[in-house]
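Each chain, written out:
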Amino acid sequence: MRPHEIDLLSAVDRSLPAEAAIDAWRRWAAAVDIDEIDAGTFELLPRLQRRIEELGDSVAGDHRISGTYRLSWARNQPLLIAAADLARKLRDAEIQTTALCGTWIGFDGASDRGGRPLREAALAVHPADAEAAIAVLDGPRWTADPPDPQRRLGQVSSIKFHRRDSDRIQVRLWYRVPTQILGMQRLMARSARVIDDELAVSVPSRDDRLIELCMEGMSGQPQRRLAWIADAQELLADHAAVSWPELLTNAGERRIAAHIRSALIHLNSINSGTVPEHVIRELDGIGSTLSERAAMWGRARDSGPLRAFALGCDQHRRYRHLGPQDPLGRPRLLDSLRQRHTFIDLV
């Protein structure tokens, strides 16, 4: 992490005192040319603008930052409305939904709808409800991508729906947890509606959201390189709200202890003491398999064939251990390789 990136993360950290945040903001503004920032930094500008407003008139915000929050909020609204529309359809069919991949900002009363830019909305359903959910949604208003989604069940982890009148409005329906394969049953059971409204969308618990953010950070997505840390900082601001025993259990069962440990160590290196040391020690004690460690050190689509094959085999091994949590057919090894690595075209 470069010094000015740490300054930016400190400037948007709501747990820091106002004076420390102001100093960090001024150091960042002096060190960075806003016209040349990368995608990872740009993701934090809406949050930075909101923080500048909270700090008061004594901090002068750059006029080029001032509209980023409104732009993010305006782009998020159609996606969140679309997610609510699909959730209502599924609620009428007695199918529970849970918000994933940051979509929970629209349904958690404590979240800021404009501070976290969304590229698509994401909802999760239990694997047992996946077939019924696709039948409910695929119709005159919404269409599935790829076509004939019922045939693809068991071969992929999610189905994307988009509005027939606008390809930009997309909602992804997950029936397996992204990246960390195991745990959908626990995720759905521990989700809860935070606010009382008509949306009928549940929000994951804080420890499940922290796992999601850690896996997002380990995936190496450039546009989320810094933003996932800022999201995690907000979750960790209240230690009592995170159930560390549940996080440890989840990491062990999903076979992602090495991933979570590395992400939490990275968070502690930026904000010392944010994560309890005993949690990192216990994650290290859980251990990890050789294939899990191979999968951790890079995304398969950006790596060599051997690492890609290791990640595909690791995913296939996790599918074999799903047991009663996933009633859908288990994909073959070639299906696992194909869905994880787009450059592999196997017949």
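Residues numbered from 1 in each chain as written. Predicted model: local features only at pLDDT ≥ 70, side-chain atom pairs only at ≥ 80, totals over all residues. Heavy atoms only, no water.

Attention shifts here to the confidence of the model for the chain. Averaged over all residues, the pLDDT of the chain is 77; the fraction at 70 or higher stands at 73%. Element-level mean pLDDT values for the chain span from 55 in helix α14 (residues 290-296) up to 89 in strand β2 (residues 121-124). (pLDDT = per-residue confidence, 0-100. Helix = DSSP H or I, 4+ residues; strand = E, 2+ residues; numbered from the N terminus.)

This part takes up unusual backbone geometry. Positive phi, close to 60°, is recorded for E94, a residue that is not glycine. Here E94 is to be found in the loop between α5 (68-92) and β1 (97-99). For E94, a relative accessible area of 74% gives the class exposed. Residue C101 is not a glycine yet carries a positive backbone phi of 55°. (Buried < 20%, exposed > 50% of the residue type's maximum accessible area, 1.4 Å probe, protein only.)

Time to look at the packing of helix α4 (residues 45-55) against α5. Describing two packed helices takes the angle between their axes plus the distance from one axis to the other. Where α4 meets α5, the closest approach of the two axes is 7 Å, and the angle between their N-to-C directions is 120°. On the basis of their axis angle, the class for α4 and α5 is oblique. Read as a crossing pair, α4 and α5 show a hand that is left-handed. Judged by residue contacts, L45, P46, Q49 and R50 of α4 engage T68, Y69 and S72 from α5. Looking at side-chain class alone, the contact of α4 with α5 contains 3 nonpolar, 3 polar and 1 charged residues. (Axes fitted to C-alpha atoms, helices over the stretch in contact; angles between N-to-C directions. Parallel < 35°, antiparallel > 145°, perpendicular 65-115°, else oblique. Left-handed = near helix turned anticlockwise from the far one by under 90°. Contact = heavy atoms within 4.5 Å. Nonpolar A, V, L, I, M, F, W, Y, C, P; charged D, E, K, R; others polar.)

In this section: the side chain of D13. With respect to the secondary-structure elements, D13 resides in the loop between α1 (3-12) and α2 (18-31). At 6.9 Å, R51 is the nearest oppositely charged side chain to D13, a buried residue that forms no salt bridge. Among all residues touching D13, those that are not within four sequence positions of it are R51, Q233 and N271. (Lys, Arg positive; Asp, Glu negative; His and termini not counted. Salt bridge = Lys/Arg side-chain N within 4 Å of Asp/Glu carboxyl O.)

Below, the discussion takes up the nonpolar core. Ranked by size, the top nonpolar core spans 44 residues in total, and within it L48, L210, W244, I260 and L264 carry the most contacts. Those elements that place two or more of their residues in this core are α1, α2, α4, α9 (206-218), α10 (227-236), α11 (244-253), α12 (257-270) and α13 (277-286). Take this core: its biggest share by element is 7 residues, from α10. Beyond its immediate chain neighbours, meaning those up to four positions away, L48 contacts L8, A11, V12, W25, W28 and I65. (Core = buried A, V, L, I, M, F, W, Y, C linked by side-chain atoms within 4.5 Å.)

The first and last C-alpha atoms of α9 sit 18 Å apart over 13 residues, in line with the 18 Å expected at 1.5 Å per residue. Counting buried positions along α9 yields 10 of 13 residues, so the element is predominantly enclosed. Buried residues belonging to α9 abut α8 (184-190), α10, α11 and α12. (Expected span 1.5 Å × (residues − 1).)

With respect to the helices and strands, the residue L123 is situated in strand β2. Distance from L123 to A87, taken between C-alpha atoms, is 8.0 Å for residues 36 residues apart in sequence. In this structure L123 touches A83, L86, A87, T98, A99, V171, R172, L173, W174 and V201, once residues within four positions along its chain are discounted.

Our next topic: the side chain of R47. Among the structural elements, R47 can be located in helix α4. Polar contacts involving the side chain of R47 include one to the side chain of E234, which spans 3.1 Å. Ignoring sequence-local partners within four residues, the contact set of R47 consists of V12, G115, A227, A230, D231 and E234. (Polar contact = N/O pair within 3.5 Å; in protein donor to acceptor, adjacent residues only side chain to side chain.)

Okay, the sheet that holds strand β6 (residues 201-202) next. Each strand in a sheet pairs with its neighbour through backbone hydrogen bonds, running either in the same direction (parallel) or in the opposite one (antiparallel). An order of β3-β4-β5-β2-β1-β6 is seen for the 6 strands of this open sheet, with the pairing classed as mixed. Each having just a single partner strand, β3 (142-145) and β6 make up the two edges of the open sheet. Looking at chain direction, β1 and β2 are connected through 2 bridges and run antiparallel. Within β2, the position partnered with A99 by the bridge is L123. (Pairing = 2+ DSSP bridges.)

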